[in-house]
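Examining the three-dimensional arrangement
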Amino acid sequence: MSAKPRKRHALSTRIWHWINAISLIVLFMSGLNISNAHRRLYWGNDGFAAADAWLEVPRFPGWMTIPDYYSLSAARDWHVLFSLVFGFGLLAFMIAAVVNGHMLRDVFARAREWRPGNIWIDIREHVKFNFEHGEGKYNILQKIAYASVILILLPLMIFTGMVMSPGMEAAWPWMTDLFGGRQSARSLHFIAAWLLFGFFVLHIVLVLVSGPIKQIRSMITGHEFEGTSDAEA
Amino acid sequence: MQRRNFLVAAGAAFLAGCSEIGDTAWFAKLVEGAQGWHRGLHRALGGGRITMAPEYDRSAISPFFRGNGNQTVDSDEYRAAEAQGFANWRLSVSGLVDNPMALSMADIRALPQRTQVTRHDCVEGWSATGEWTGPQLSAILDAAGVQAEANFIVFRCADFFMRGPSNNRRRVDYYESCDMDDAMHPQTIVAHQLNGEALPTRNGAPLRMRLERQLGYKHPKYLTGIEVVASLEEINGGKGGYWEDIAGYQWYAGI
């Protein structure tokens, strides 16, 4: 095997990827446990009655939650701890990604990539399960997905979470108004969590169909071996 | 098929591991540290000013203010006090103070009053808005003369829960506590009115605390005493509150 290793992911990206993965799994599953404490969602600032709710979500079973039995206090322990890991992890990654150019070079799309023709080609290639296309590290659909998650959904989770914390709200009360009230922020927190779950599923599926060993190895070691496939690896 | 079995086993191991970690002492230490970080951030992001919970216009008041937890006190003393319109209710102020006191409802109404329309957030997730009226706790503490060693205020309550197996039921009193920062906060009041009327029984008649920068379980109802202490360790279960002792809820409920 004479293939020369090529740099695929920076160290900061790799460390953050795995810390973030663990944080999101813990936050999502402890969040489902917290959701079981009050399953109704509202718009606006307050709400507690069934008549005020826009949605009553199902009760999530133990195998979906942390801990694996109903405990609001224990689930909050996990949520309180990992919210810090997640929040400061994202902040550190964003600073590193701006400094090392990853954000501008790989995540932001160029004007020409936004042409409908380019997007259409990208969709067709994805349908054909060909993922080795596009001019940069990521093609336009990947860029849209990653930018939506990193720049919109993840920060949205943090800010709506901060609004729900009464101690934080007393420091930045304007943020509650920005989201249309505390219960609106709670609803958005729930919606964004499930959108992130959708991204998680899609992400795993695409890793599985595009050579999981190669992909996972490059996210651990940072290197990619030219021309190798999973069959050889 | 093998791969799927592996994934199911790995998932189950992960869940079991999390539950086990959750019971360890070092995890509890980490969570305690994280709570301190959250609290520190909440104060730091306030930029040095006293951070205030948002206050609303009267039009924001919820038509019905839900009662949660104990909706009344299941004792003959309380029923008798309620029948008398709480004419003989006393709020004791004790512990590390120069002048221990027993305030009547008339004493409490005679103090300078603060009225605030705030949102009440339950740890479960729901919220209700109400207008609360009462004297600031700081005014009561100033009158009592808090001693230098004081670090916490303990709130004693008339309500209780019956806990334990049916052959060994025991009474566990509700109580709560806060630090001096929250105790002296301008929005921390001893409320005797909700929406301009005497407190309804379900909301804690005749007195309940309002600690507006924390979740609902930090606002004890059916208040009977204010105790100034140096440490919470010797008090009841030692964790600073009924839900903290009984079910491991977070003492700092500003998160």
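Residues numbered from 1 in each chain as written. Chains lettered and ligands numbered in written order. Predicted model: local features only at pLDDT ≥ 70, side-chain atom pairs only at ≥ 80, totals over all residues.

Observations regarding the overall build of chain A
Looking only at helices and strands, chain A features 9 helices and 4 strands. Dimensions of chain A along its principal axes, counting C-alpha atoms only, are 65 × 40 × 35 Å. Within chain A, buried positions represent 30% of all 233 residues. Sequence separation of 24 or more characterises 66% of the internal contacts of chain A that already satisfy a separation of 6 or more. (Helix = DSSP H or I, 4+ residues; strand = E, 2+ residues; numbered from the N terminus. Buried ≥ 20, exposed ≤ 12 C-beta atoms within 10 Å, placed from the backbone. Contact = placed C-beta atoms within 7 Å.)

A closer look at the domain arrangement of chain B
What the domain assignment reports for chain B is domain 1 (1–49) and domain 2 (54–247). Using C-alpha coordinates to define each centre, domain 1 of chain B is positioned 31 Å away from domain 2 of chain B. (Domains from an automatic or database assignment.)

Some thoughts on the sheet that holds strand β4 (residues 127–134) of chain B
Residue and element names in this part refer to chain B. Spatially, 4 strands are ordered β3-β4-β8-β9 in an open sheet, and the strand pairing comes out antiparallel. Taken across any chain shown, the strands that pair with only one partner, and hence form the sheet edges, are β3 (114–121) and β9 (197–198). Here strand β8 (residues 193–194) runs beside β9; their pairing, made up of 2 bridges, is antiparallel. Counterpart to leucine 194 in the pairing with β9 is glutamate 197. (Pairing = 2+ DSSP bridges.)

Considerations on the interface of chain B and chain A
Contact with chain B, which involves 39 residues of that partner, is made by 31 residues of chain A. Every element with two or more residues in the side of chain B that touches chain A is listed here: α1 (2–22), α2 (25–44), β3 and β4 of chain B. Partitioning the side of chain B that touches chain A into residue classes produces 18 nonpolar, 15 polar and 6 charged. (Nonpolar A, V, L, I, M, F, W, Y, C, P; charged D, E, K, R; others polar.)

A closer look at the confidence of the model for chain B
Predicted confidence across chain B gives a mean pLDDT of 96, with 100% of residues reaching 70 or more. Interface confidence for the predicted complex, expressed as ipTM, amounts to 0.94; the pTM equals 0.93. (pLDDT = per-residue confidence, 0-100.)

Quick notes on the nonpolar core
All names here are of chain B. Ranked by size, the top nonpolar core spans 66 residues in total, and within it Ile153, Phe155, Val190 and Leu223 carry the most contacts. Two domains each put at least three residues into this core: domain 1 (1–49) and domain 2 (54–247). Excluding its chain neighbours within four sequence positions, the residues that come into contact with phenylalanine 155 are Tyr175, Glu176, Ser177, Met209, Pro220, Leu223 and Ile226. (Core = buried A, V, L, I, M, F, W, Y, C linked by C-beta atoms within 7 Å.)

Comments concerning the packing of helix α5 (residues 140–164) of chain A against helix α8 (residues 182–209) of chain A
Residues and elements named next belong to chain A. Taken N-terminus to C-terminus, the directions of α5 and α8 make an angle of 145 degrees; their axes are 9 Å apart at the nearest point. The crossing of α5 and α8 is left-handed. Contacts between α5 and α8 involve Ala145, Val149, Leu153, Leu156, Met157, Thr160, Gly161, Val163 and Met164 from the first element and Arg182, Ala185, Arg186, Leu188, His189, Ala192, Ala193, Leu195, Leu196 and Phe199 from the second. (Axes fitted to C-alpha atoms, helices over the stretch in contact; angles between N-to-C directions. Left-handed = near helix turned anticlockwise from the far one by under 90°.)

Concerning α5(A)
Residues and elements named next belong to chain A. With 25 residues, α5 should reach 36 Å at 1.5 Å per residue; the first-to-last C-alpha distance of 35 Å fits that figure. Within α5, the axis deviates most sharply at valine 149, by approximately 35 degrees. Buried-residue contacts for α5 involve α2 (72–99), α3 (102–107), α4 (116–127), α6 (166–171), α7 (174–178) and α8. (Expected span 1.5 Å × (residues − 1). Bend = angle between axes of the 7 residues up to and from the residue.)

Digging into the sheet that holds strand β6 (residues 170–179) of chain B
All names here are of chain B. Taken in spatial order, the 5 strands of this open sheet run β2-β1-β11-β5-β6, and their pairing is mixed. Unpaired on one side and paired on the other, β2 (101–104) and β6 mark the two borders of the sheet. If you compare each strand with its neighbour and ignore which way they point, the axes differ by 25 degrees on average. Note that strand β5 (residues 152–163) and β6 share 9 bridges and pair antiparallel. Its bridge partner lying in β6, phenylalanine 155 is registered against glutamate 176.

Some thoughts on the packing of helix α1 (residues 11–35) of chain A against α8(A)
Residue and element names in this part refer to chain A. Look at α1 against α8: their axes get within 11 Å of each other, and the N-to-C directions meet at 135 degrees. Taken together, the axes of α1 and α8 lie oblique to each other. For α1 against α8, the interelement crossing comes out left-handed. Residues Leu24, Phe28, Gly31 and Ser35 of α1 lie in contact with α8, whose contacting residues are Phe190, Ala193, Leu196 and Phe197. Tallied by class, residues from the contact of α1 with α8 come to 6 nonpolar, 2 polar and no charged. (Parallel < 35°, antiparallel > 145°, perpendicular 65-115°, else oblique.)

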